[in-house]
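Read off the chains here:
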Amino acid sequence: MNLARRALAEFAGTAALVAIVVGSGIMAADLSRDVGVQLLANSLATAAGLAVLIVILGPVSGAHFNPVVSVAAWVLTRRDADPAVRGREVAAYVPAQIAGAIAGAVLANAMFALPAVQISARGRSAPHLLLGEVVATAGLIVVIFALTRQGRAALAPVAVGGYIGAAYWFTSSTSFANPAVTLGRAFTDTFAGIAPASVPGFIAAQLAGAALGGLLLVLLYPNSPQHVSGSTYQAADQPR
């Protein structure tokens, strides 16, 4: 039951995150024809919403909301006496995150009186966009796990939200940095959407970025992580 509760937190958190990304994109596009204003509104809402979700759900599941974060947490801490996550938790988290992402996109569509299930036509397959995803994901992994290895995981809501908000602007891809969110955004033909044909390339770039970020982290912080027991971001409130 405890694992089911944590998986539920990952489902709900990822659903809320995608609803924030897609919903704020729809609202921004409705209120302004200026793409810069649309991106500004979308990035601010996403950064703030992500920070809040980490604060609320971090004590339950670690607030990963992202398969590459869950896998990286397992790989980077699996030899620790108290790993951030175990293999069975990753196996529960990843499907919950994917299902949550799709549910979040459907919810956002419905909230704005659009067809609940849409297939995006927004192609995002150019090489420079894939490079942007490598950079965005590598940076995200370094930010999260550097805080853990410094013993400052409590700063994650601000740091992770701030990084994602900034990466909207300094990466060409607008920083999806999340395979589950990428899949979810294929189900909305709106400002935040991505065409299904572009999804595999984005996910491959995210996996490459996660590997690069993990390598950079180990080179920068070679010592054993000062792990906060129970989760990636902050201690879970129940033992496993």
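A brief look at the structure comes next. (Residues numbered from 1 in each chain as written. Predicted model: local features only at pLDDT ≥ 70, side-chain atom pairs only at ≥ 80, totals over all residues. Heavy atoms only, no water.)

## Some details on the overall build of the protein chain
In terms of regular secondary structure, the protein chain is built from eight helices and zero strands. Of the regular secondary structure in the protein chain, the N- to C-terminal order runs α-α-α-α-α-α-α-α. In summary, the protein chain has a C-alpha radius of gyration of 17 Å against a globular reference of 18 Å for 240 residues, a match within 12%. Dimensions of the protein chain, computed from C-alpha atoms along their principal axes, come out at roughly 50 × 40 × 30 Å. Scored against the burial criterion, the 240 residues of the protein chain give a buried share of 54%. Restricting the contact set of the protein chain to residue pairs at least 6 apart, pairs at least 24 apart contribute 80%. Summing over all exposed atoms, the protein chain offers an accessible surface of approximately 9800 Å²; the carbon and sulfur share of this is 72%. Separation between the mean location of the 13 positive side-chain charges and that of the 9 negative ones in the protein chain comes to 6 Å. (Helix = DSSP H or I, 4+ residues; strand = E, 2+ residues; numbered from the N terminus. Rg over C-alpha atoms; globule rule 2.2 N^0.38 Å. Buried < 20%, exposed > 50% of the residue type's maximum accessible area, 1.4 Å probe, protein only. Contact = heavy atoms within 4.5 Å. Areas by Shrake-Rupley, 256 points an atom, 1.4 Å probe, with all protein chains shown as cover. Lys, Arg positive; Asp, Glu negative; His and termini not counted. Charge placed at Lys NZ, Arg CZ, Asp CG, Glu CD.)

## Here's the deal with the packing of helix H5 (residues 127–150) against helix H6 (residues 156–170)
In contact at an axis separation of 10 Å, H5 and H6 are set at 165° when each is read in the N-to-C sense. Viewed along their axes, H5 and H6 adopt a mutual orientation that is roughly antiparallel. Along this stretch, H5 crosses H6, giving a crossing that reads as right-handed. The residues of H6 that touch H5, namely those facing Val135, Ala136, Gly139, Leu140, Val143, Ile144 and Leu147, are Ala156, Ala159, Val160, Tyr163, Ile164 and Phe170. Each residue belonging to the contact of H5 with H6 can be placed in one class, and the counts come to twelve nonpolar, one polar and no charged. (Axes fitted to C-alpha atoms, helices over the stretch in contact; angles between N-to-C directions. Parallel < 35°, antiparallel > 145°, perpendicular 65-115°, else oblique. Left-handed = near helix turned anticlockwise from the far one by under 90°. Nonpolar A, V, L, I, M, F, W, Y, C, P; charged D, E, K, R; others polar.)

## A look at helix H8 (residues 199–220)
Taking 1.5 Å as the rise per residue, H8 with 22 residues should run 32 Å; its terminal C-alpha atoms sit 31 Å apart, in good agreement. Among the residues of H8, Val199, Phe202, Ile203, Ala205, Gln206, Gly209, Ala210, Gly213, Gly214 and Leu217 are the ones counted as buried. (Expected span 1.5 Å × (residues − 1).)

## Section: the nonpolar core
Judged by nonpolar contacts, the single largest core of 46 residues is most densely connected at Leu17, Leu50, Phe65, Leu140, Phe145 and Val160. Per-element tally for this core: the top contributor is H5, with seven residues. Among all residues touching Leu50, those that are not within four sequence positions of it are Leu17, Phe65, Val160, Gly161 and Ile164. (Core = buried A, V, L, I, M, F, W, Y, C linked by side-chain atoms within 4.5 Å.)

## Concerning the side chain of Thr182
Its place among the elements puts Thr182 in helix H7 (residues 179–185). Taking the relative accessible area as the measure of exposure, Thr182 reaches 0% and is therefore buried. At 2.8 Å, the side chain of Thr182 and the side chain of Gln206 are in polar contact. Filtering out sequence-adjacent residues up to four positions away, Thr182 remains in contact with Phe176, Ile194, Val199, Phe202, Ile203 and Gln206. (Polar contact = N/O pair within 3.5 Å; in protein donor to acceptor, adjacent residues only side chain to side chain.)

## Concerning the environment of Ala15
Mapped onto the secondary structure, Ala15 falls in helix H1 (residues 2–31). Classification of Ala15 as buried rests on a relative accessible area of 12%. Considering only alpha carbons, one finds Ala15 and Ala84, 69 residues apart in sequence, at a separation of 22 Å. Those residues in contact with Ala15 that sit more than four places away from it in its chain are Gly100, Ala101 and Gly104.

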